Amino acid sequence: MFDTSTSTTALLAEVTEFVWKEADILDRKDYDAWLDMWLVEGIYILPMGDGEDYENQLNLCYDNDKMRRLRIDRFNRGFSISSAPAADTVRTVSRIVIDDVDGDQIKLRTAQHLIEDKFGRQRIWAADVFFTLKKTDDGFKIDRKIAKLLNSGGMLNSFSYLF
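Reading guide: rules and limits
- Residues numbered from 1 in each chain as written.
- Predicted model: local features only at pLDDT ≥ 70, side-chain atom pairs only at ≥ 80, totals over all residues.
- Heavy atoms only, no water.
- Helix = DSSP H or I, 4+ residues; strand = E, 2+ residues; numbered from the N terminus.
- Contact = heavy atoms within 4.5 Å.
- Areas by Shrake-Rupley, 256 points an atom, 1.4 Å probe, with all protein chains shown as cover.
- Expected span 1.5 Å × (residues − 1).
- Polar contact = N/O pair within 3.5 Å; in protein donor to acceptor, adjacent residues only side chain to side chain.
- Buried < 20%, exposed > 50% of the residue type's maximum accessible area, 1.4 Å probe, protein only.
- Salt bridge = Lys/Arg side-chain N within 4 Å of Asp/Glu carboxyl O.
- Pairing = 2+ DSSP bridges.
- Axes fitted to C-alpha atoms, helices over the stretch in contact; angles between N-to-C directions.

Asker: If you had to explain the overall build of the protein chain to someone new, which residues and values would you point to?
Answerer: The helix and strand inventory of the protein chain stands at three helices and six strands. Going from N to C terminus, the protein chain has its helices and strands arranged as α-α-β-β-α-β-β-β-β. In the protein chain, the proportion of contacts linking residues at least 24 apart, taken out of those at least 6 apart, comes to 58%. Looking at the protein chain as shown, the accessible area adds up to about 8900 Å², and 50% of this sits on carbon and sulfur atoms.

Rendered as structure tokens:
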């Protein structure tokens, strides 16, 4: 539960540090650390198109704990054509906005630019990323992450990384 005396500015600084840390972890491909940032019941979603009924629509990812771990295992072992070789990435996270605070749960949204370098070619991806975080005794944990790519209804390539 959040201390009601915590200012919005202080909370914004805390969640900003958390999402920047996540971006750094993903750019370094420290997938074990990334998995530790999640609640077991958390869901990672990379939807296609504009719908929001994620359970009943086509998604690039709709990963619970088991699927996140299997995806990471494939990345680490190179068992996926999209992960051999893995792309190098640099993320920029900005426009961090807290939408709601309800007890120990925080909903926020961010803008993210991801630059991918693979086979000597760079591509740029942009996404609106929505988080639901839960404050625990160990700090924030991700309960839900939805990365909506700007062109998710258009032509997409395989990804050898996570958004």
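Asker: Please set out helix α3 (residues 65-77) residue by residue, giving values where relevant.
Answerer: End to end, α3 covers 18 Å across 13 residues, agreeing with the expected 18 Å (1.5 Å per residue, within 8%). Of the surrounding secondary structure, the elements contacted by the buried residues of α3 are α2 (31-36), β1 (38-47) and β2 (59-63). In this structure N64 caps α3, since a side-chain oxygen of it lies 3.2 Å from the backbone nitrogen of K66.

Asker: Quick rundown of the side chain of T132? Include the residues and the values.
Answerer: Its place among the elements puts T132 in strand β5 (residues 121-136). The class for T132 is buried, based on a relative accessible area of 10%. When neighbours within four sequence positions are excluded, T132 is seen to be in contact with Q105, I106, K107, K141, I142, D143 and R144.

Asker: Break down the pattern of salt bridges for me, with residues and values.
Answerer: Considering all chains together, one arrives at 13 salt bridges under this definition. Where R71 meets D63, a salt bridge forms, and the shortest distance between an N and an O atom there is 2.6 Å. The class for R71 is buried, based on a relative accessible area of 15%. The exposure class of D63 is buried, given its relative accessible area of 2%. A salt bridge links D65 to R68; the shortest N-O distance between them is 3.5 Å.

Asker: Hey, could you go over the pairing of β5 for me, with residue numbers and the actual values?
Answerer: Pairing of strand β4 (residues 105-118) with β5, which is carried by 14 bridges, proceeds in the antiparallel orientation. Residue pairing for β5: R109 is matched across the bridge by F130. In terms of strand pairing, β5 meets strand β6 (residues 139-149) through 10 bridges, oriented antiparallel. The residue of β6 that forms the bridge with K134 is K141.

Asker: Explain the sheet that holds β5 to me, and be specific about the residues and the numbers.
Answerer: The sheet built from six strands is open, its strands ordered β2-β1-β6-β5-β4-β3 with mixed pairing. Among the strands making up the open sheet, the edge pair consists of β2 and β3 (88-102). Averaged over neighbouring strand pairs, the angle between their axes works out to 20 degrees when direction is ignored. Sheet analysis places β1 next to β6, joined by four bridges and oriented parallel.

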